[in-house]
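Residues per chain, in single letters:
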Amino acid sequence: MSLSAIPLPLRIVGGLLIGMLLFRFLGGMGPLLLIIGIVLWIVVLAALLYDSGPLASLGGMPGVGRGLDWITNRQSAQMTTSVAPAPDQPGAAAEPSQPRGGLGDSDRETLMAEAYAALDALIGQQTAVDLIETRLFEPVRAAAGADGQVFGSRAPAMLVLVSGPRGVGVPETAFAIARGFAGLGALKRAHIAELRTRDTRNDAAEAATKKAEEAIGGTLLLRDADWLLAPDAYGAATPPGVEAGMAILEVAERKPQSFMIVATLPEGMDEKLRMDAGHRRWLDRLAVRPVKLNALNDDELLEILQRELTAIGCPLEDEGIRPARALIREVREAQGEDFDNAEACRRLAEQLSTAETEIGLEEGIDPAPGGEARPIARRHVMRVQETWE
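Here the structure is a predicted model, which means the values were calculated and not measured.

**Points about the packing of aromatic side chains**
Applying the stated criterion across every chain yields a total of three aromatic pairs. Aromatic side chains Tyr116 and Phe137 sit 5.9 Å apart centroid to centroid with 90° between the ring planes, which places their arrangement in the edge-to-face category. With Tyr116 in helix α4 (residues 105-120) and Phe137 in helix α5 (residues 126-143), this pair connects stretches of sequence that are 21 residues apart. Grouping aromatic residues by their ring pairs yields a cluster made of Tyr116, Phe137, Phe151 and Phe181.

And the structure:
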């Protein structure tokens with residue numbers, strides 16, 4: 001490891017200590033300087049233990065955590081931005097507030113509960129949920145206390161590639177995995193640093209390095225990471241995505257087993273990324289774990305539609321179930337590749353609510369007290385279906 005890998009403030013303190021020791025051996029150090037030297041040694045030792053984990057709880061103490069973060073050149077937990085996932089499926093757990101400083105037992109229990117709640121809220125993804133438990137969470141549990149292993153692998157970092165069609169829960173799954181790793185103790189903190197394509201426009205390597213260093217102790221999120229495969233706009237031999245990946249690898253090798261990476265990708269793009277010769281230069285040196293979410297069938301989409309209608313106070317009556325399923329199929333066929341699953345169901349729920357209001361006014365039925373909607377019947381579904389014919 002080169003000296004540049006040691007944080008600058010720590011190098012300064014180390015230099016002062018070496019100078020004082022030399023001065024001591026030359027017989028010039030008085031009691032005051034000796035006391036200063038001892039105090040500095042205590043500070044350095046506490047910083048090292050804080051950075052390596054045993055004293056991570058000090059980060060929660062007012063003033064102490066910020067000072068230790070400065071000494072160890074780490075991003076302060078109090079400056080970390082909580083990144084909320086875009087709602088992809090209804091009912092998915094909201095992104096929690098990020099605990100500051102080191103995680104206590106109660107923090108980890110809360111994070112695990114939130115992770116499992118988010119996974120349980122996914123519809124039609126039981127295969128992926130089972131894989132997350134067996135291929136991600138269980139190895140972390142088994143690696144607890146193992147020498148050189150945090151994520152169930154000796155690679156410098158783990159990269160989880162979460163892919164699937166739009167609207168099936170890809171962002172929720174990514175955040176659930178990050179929460180789970182923090183809850184299991186593989187991560188010291190629950191903060192998430194996000195790297196997007198807009199961050200890499202000027203200098204991809206510099207932006208990736210900055211975000212990866214910010215993620216130390218937590219998770220680096222590469223949201224909508226198909227930008228990694230985009231060619232350079234000016235025809236450079238090395239695409240910016242490859243430069244970003246190599247920069248992330250460099251940080252991971254400099255601070256091994258200190259953070260995890262989660263990337264969200266459209267369906268099929270995870271395989272393209274893994275097969276790309278340029279990206280294999282950094283992917284092959286990480287522990288890569290793919291998590292693929294499935295497209296939803298008609299029954300699963302109907303379940304989402306019913307959940308959405310219930311949420312807005314317009315439950316679907318039994319007589320409307322069959323035409324609603326037919327409506328979903330018709331919309332999916334009409335939109336083709338643009339069909340976005342849960343988002344399409346949300347739009348249909350709004351259209352059905354509007355149809356209920358319109359038909360009620362046409363029939364001279366007064367609106368429900370307080371503006372509450374009425375149940376959705378067959379005639380309301382048929383009204384919406386007419387707009388698609």
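**Structural notes on helix α11 (residues 298-311)**
Helix length check: α11, at 14 residues, gives a terminal C-alpha distance of 20 Å against a target of 20 Å (1.5 Å per residue), a fit within 8%. Within α11 the residues assigned to the buried category are Asp298, Glu300, Leu301, Leu302, Ile304, Leu305, Glu308 and Leu309. In this structure, the buried residues of α11 make contact with α12 (321-335) and α13 (342-362). Capping the start of α11, Asn297 holds a side-chain oxygen 3.2 Å from the backbone nitrogen of Asp299, two or three residues further along. In the segment just after α11, Gly313 is the residue with positive phi, at about 80°.

**What about α13?**
For α13, with 21 residues, the first-to-last C-alpha span of 30 Å sits near the 30 Å given by 1.5 Å per residue. Of all the positions in α13, only Ala342, Ala344, Cys345, Arg346, Leu348, Ala349, Leu352, Ser353, Ala355, Glu356, Ile359 and Gly360 are classed as buried. Taken together, the buried residues of α13 touch α11, α12 and α14 (378-387). Remark: Gly364 follows α13 within two positions and exhibits a positive phi of approximately 75°.

**Digging into the nonpolar core**
If you look at the biggest cluster of nonpolar residues, it comprises 59 residues, and the most contacted ones within it are Leu136, Val160, Val162, Ile177, Phe181, Val291 and Leu305. Of the residues forming this core, the biggest block, eight residues, is contributed by helix α6 (residues 170-183). When neighbours within four sequence positions are excluded, Val160 is seen to be in contact with Leu136, Ile177, Met260, Ile261, Val262, Ala263, Arg289 and Val291. Residues Ala193, Ala207, Ile261 and Val288 belong to the second largest nonpolar core, which totals 32 residues.

**Notes on the packing of helix α7 (residues 204-215) against helix α8 (residues 240-254)**
At their nearest, the axes of α7 and α8 sit 8 Å apart, and the two run at 35° to each other. The chirality of how α7 crosses α8 is right-handed. Along the contact surface, α7 presents Ala204, Ala205, Ala208, Thr209, Ala212 and Glu213, while α8 presents Pro240, Glu243, Ala244, Ala247, Ile248, Val251 and Arg254. Classifying every residue of the contact of α7 with α8 gives nine nonpolar, one polar and three charged.

**Some details on the pairing of strand β2 (residues 192-195)**
The two faces of β2 match: Ile192 and Glu194 on one face and Ala193 and Leu195 on the other face are all buried. Regarding the hand of the β-α-β motif, the stretch spanning β2, α7 and strand β3 (residues 219-222) is right-handed.

**A closer look at the pairing of β3**
By the alternation rule, side chains of β3 split into Thr219 and Leu221 and Leu220 and Leu222, which are all buried. As paired elements, β3 and strand β4 (residues 260-266) share four bridges and run parallel to each other. Within β4, the residue paired with Thr219 across the bridge is Met260.

**Here's the deal with the side chain of Thr173**
Mapped onto the elements, Thr173 comes out in helix α6. Within the structure, the side chain of Thr173 is placed 2.8 Å from the backbone oxygen of Gly169, a separation counted as a polar contact.

**Remarks on the confidence of the model for the chain**
Mean pLDDT for the chain: 80, with 70% of residues reaching 70 or above. Segment residues 74-87: pLDDT under 50, and 43 contacts once partners within four positions in sequence are set aside and those in other chains are kept. Low pLDDT (under 50) marks residues 90-101, which in the prediction has 39 contacts with non-local residues, meaning those over four places away or in another chain.

**Details of the pattern of salt bridges**
Under the definition given, this model contains 19 salt bridges. One salt bridge connects Glu214 with Lys211, and the closest N-O pair in it is separated by 3.9 Å. With Glu214 and Lys211 both in helix α7, this residue pair falls three residues apart, about one helical turn. Assessed through its relative accessible area of 15%, Glu214 is described here as buried. Note that Asp270 is salt-bridged to Lys292, the shortest N-O span being 3.9 Å.

About the criteria used
Residues numbered from 1 in each chain as written. Predicted model: local features only at pLDDT ≥ 70, side-chain atom pairs only at ≥ 80, totals over all residues. Heavy atoms only, no water. Phe/Tyr/Trp six-rings, centres within 6.5 Å; stacked < 30°, edge-to-face > 60°. Helix = DSSP H or I, 4+ residues; strand = E, 2+ residues; numbered from the N terminus. Expected span 1.5 Å × (residues − 1). Buried < 20%, exposed > 50% of the residue type's maximum accessible area, 1.4 Å probe, protein only. Contact = heavy atoms within 4.5 Å. Polar contact = N/O pair within 3.5 Å; in protein donor to acceptor, adjacent residues only side chain to side chain. Core = buried A, V, L, I, M, F, W, Y, C linked by side-chain atoms within 4.5 Å. Axes fitted to C-alpha atoms, helices over the stretch in contact; angles between N-to-C directions. Left-handed = near helix turned anticlockwise from the far one by under 90°. Nonpolar A, V, L, I, M, F, W, Y, C, P; charged D, E, K, R; others polar. Right-handed = clockwise from strand over helix to strand, strands pointing away. Pairing = 2+ DSSP bridges. pLDDT = per-residue confidence, 0-100. Salt bridge = Lys/Arg side-chain N within 4 Å of Asp/Glu carboxyl O.

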